[in-house]
Amino acid sequence: MSKVITECIRCGTCCKKGGPSFHIEDKMLIEKGIILSKYLYTIRDGELSYDNVKESILPAASDIIKIKGQKDSWTCIFFNEKENECTIYDNRPLECRALKCWDTLEIEKIYFKNRLTRKDLISTIEELWGLVEDHQKRCSYIKLKLFIDALNKDKKDETLKGILDIIEYDARIRELVVQNGGLDPEMTDFLFGRPITETIKMYGFKIIKQDNNYRLIPIT
Ligand code: SF4
C-alpha cells in the first residue's frame with residue numbers, strides 16, 4: 001500500500017521541475033546577496049511561458065523572475081543532485097516554502113500575488129535601468145507578437161524587418177553590456193530576459209545567423 005505524504009520528505013521532485021518565481025517577500029534574498037542575480041532569469045511582460053498553476057502556455061502578465069535551471073535541465077541551480085538537497089534550504093524563496101506537493105492550496109494562494117519585478121530590484125541604478133527600459137520598449141513581446149501575427153498579411157517585408165530589428169537589438173545590447181560595460185555575461189538573462197533568438201520558438205520560428213545577418217525560419 002502506498003504511503004500518504006503529509007509533510008515534506010525532501011525528495012527533490014519539485015526542485016527538478018524548475019526553480020521558483022520570486023515575490024516581493026524574496027527581495028531581501030537578492031539584496032543581501034544570498035541569491036546572486038546571475039542565477040536568475042526574467043520572463044518578460046507578455047512573453048509566452050508555461051504557467052505551472054494553470055498548466056498551460058500563457059503570456060506573462062508582468063516580469064516573472066525565476067531561478068535558472070542547471071545545464072540542459074529544468075532542475076533548480078541550487079539543487080544538489082548528489083546529496084539530493086537544496087543548498088540554500090534555510091533561505092529558500094517563498095514559493096519553495098509554500099509548495100506542499102500533497103496540498104497545493106497554499107502555493108495557489110500566493111502564486112500570482114506580489115510578483116517581484118526587475119523594477120523593484122534595479123530601478124535605482126539609473127544607467128542600468130535606462131538600458132533595461134529602453135530594451136523593453138524596443139523589444140517588447142507585445143510588439144513582437146503584433147509583427148508575427150501580421151506576417152501573413154500586407155507589407156510582409158516591412159513586418160519581417162520589424163521582427164529582425166527586434167532580434168538584432170536584443171542580441172546587440174547583450175554584447176554591448178558585456179564588451180563595453182564589463183558586465184558578467186551570466187547577468188544578461190536577468191537584465192534583458194532570455195534571448196529572443198531562443199524564445200522565438202514559442203512563436204513557431206527559429207533564427208539562423210549567417211554573416212552577421214539574422215534569418216527567420218518557420219518551424220515545420
Ligand atoms: S531553491 Fe531549493 S527548495 Fe527551491 S526549487 Fe531550488 S533547490 Fe528546490
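## A few points about the packing of aromatic side chains
Okay, so step 1: Taken as a whole and assessed by the stated rule, the structure comprises 3 aromatic pairs.
Okay, so step 2: Taken together, a centroid distance of 4.9 Å and an interplanar angle of 90 degrees make the contact between Tyr111 and Phe112 edge-to-face.
Okay, so step 3: On the numbers, 6.2 Å between centres and 15 degrees between planes, the contact of Tyr141 with Tyr203 is stacked. Of this pair, Tyr141 sits in helix H6 (residues 141–150) while Tyr203 is found in the loop between helix H9 (196–199) and strand S7 (205–210), placing the two residues 62 residues apart along the sequence.

## So, the site of the ligand
Okay, so step 1: Around the ligand, the structure places Cys15, Pro20, Cys76, Phe78, Phe79, Cys86, Ile88, Pro93 and Cys96.
Okay, so step 2: Here the residues of the shell around the ligand are counted per class, giving 9 nonpolar, no polar and no charged.

## Regarding the pairing of strand S8 (residues 213–218)
Okay, so step 1: Note: S7 against S8, 6 bridges, orientation antiparallel. From the neighbouring strand, Ile207 faces S8, where its bridge partner is Leu216.
Okay, so step 2: Taking the residues that link successive antiparallel strands as the turn, the S7-S8 hairpin has 2 residues, and the phi of Asp211 there is positive, at about 45 degrees.

## Quick notes on H6
Since the α-helix turns once every 3.6 residues, residues separated by three or four places project in the same direction.
Okay, so step 1: Burial in H6 covers these residues: Tyr141, Leu144 and Ile148. Angular distribution of buried residues about the axis of H6 spans 55 degrees; they occupy a single face of the element. Turned more than 90 degrees off the buried face of H6, the exposed positions are Ile142 and Leu146.
Okay, so step 2: Those residues of H6 that are buried are in contact with helix H7 (156–179), H9 and S7.

Cut-offs and rules
Residues numbered from 1 in each chain as written. Predicted model: local features only at pLDDT ≥ 70, side-chain atom pairs only at ≥ 80, totals over all residues. Heavy atoms only, no water. Phe/Tyr/Trp six-rings, centres within 6.5 Å; stacked < 30°, edge-to-face > 60°. Helix = DSSP H or I, 4+ residues; strand = E, 2+ residues; numbered from the N terminus. Near = heavy atom within 4 Å. Nonpolar A, V, L, I, M, F, W, Y, C, P; charged D, E, K, R; others polar. Pairing = 2+ DSSP bridges. Buried < 20%, exposed > 50% of the residue type's maximum accessible area, 1.4 Å probe, protein only. Arc of directions from axis to C-beta. Contact = heavy atoms within 4.5 Å.

None of this, on its own, says anything about what the molecule does.
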